[in-house]
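Close look at the chain arrangement
These are the residues of each chain, in order.
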Amino acid sequence: GVVMVYLLKDFDIIISKGKELLPVSKKEKISDIVSRIDENLKAFFRGQITVCIILSVIYGIGLTIIGVPMSYLLALVGGFGNIIPYIGIMPGLIPALLLTFIQFQDITHLLLVGLVFSIGQFLEGTVITPKIVGTKLGLNPVAIILAILICGQVLGFLGLLLAVPIASVVKVLIDEGIIKYKGTKLFKGS
């Protein structure tokens, strides 16, 4: 926590000192690539926040209709838990199920809560995230899924959190590599 405060406080100084170390002949190109990576990461985080807000609204409406106690709080926890792929739904779903059972003591209301979260997750995976995050990053939904699977396998839980940002950085680097390749004699055939 303390390190993060100092890092954020001195971030601009660190960046300017880092730029001074870049080779003069490559400084502009490297700055351009880093700038594109920065834009992609900002777009990713803005997209994630948007997705979380949309999910919170979906959960809030559904849980309120069912009559779940503290539905708005549970909706926020469930929506913003989505930042953590796969398991992020649990901090919202489990308390919602418990409170619903305490309130109504029947299976019907529990199934309705499960349905609300299922609909939210289905929409998030098939429509919301691919349209909002994927479009902003220029990443195909399949690329996002593959990134999550690969990074999750290689880096474990940390990989799940970092998969899409890593994929967006890799995309910028691959795009740059393709531009370089198209400028070569091999590609031009001369």
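The notes below deal with the structure included here. (Residues numbered from 1 in each chain as written. Predicted model: local features only at pLDDT ≥ 70, side-chain atom pairs only at ≥ 80, totals over all residues. Heavy atoms only, no water.)

1. Quick word on the packing of aromatic side chains
- All chains considered together, the criterion is met by three aromatic pairs.
- Centre to centre, the rings of Tyr181 and Phe187 are 5.3 Å apart; their planes meet at 65 degrees, and the pair counts as edge-to-face.
- The exposure class of Tyr181 is partly exposed, given its relative accessible area of 39%.
- Among the residues examined, Phe187 registers a relative accessible area of 41% and is labelled partly exposed. (Phe/Tyr/Trp six-rings, centres within 6.5 Å; stacked < 30°, edge-to-face > 60°. Buried < 20%, exposed > 50% of the residue type's maximum accessible area, 1.4 Å probe, protein only.)

2. Section: the packing of helix H3 (residues 27–66) against helix H8 (residues 157–182)
- Contact pair H3 / H8: the axes reach a minimum separation of 9 Å and the direction vectors enclose 145 degrees. Relative to H8, H3 is oriented so that their crossing is right-handed. Judged by residue contacts, Lys29, Ile33, Arg36, Ile37, Asn40, Leu41 and Phe44 of H3 engage Val164, Pro165, Ser168, Val169, Val172, Leu173, Glu176 and Ile179 from H8.
- Residues belonging to the contact of H3 with H8 are distributed by class as follows: 10 nonpolar, two polar and three charged. (Axes fitted to C-alpha atoms, helices over the stretch in contact; angles between N-to-C directions. Helix = DSSP H or I, 4+ residues; strand = E, 2+ residues; numbered from the N terminus. Left-handed = near helix turned anticlockwise from the far one by under 90°. Contact = heavy atoms within 4.5 Å. Nonpolar A, V, L, I, M, F, W, Y, C, P; charged D, E, K, R; others polar.)

Any functional reading would require information beyond the geometric quantities listed.
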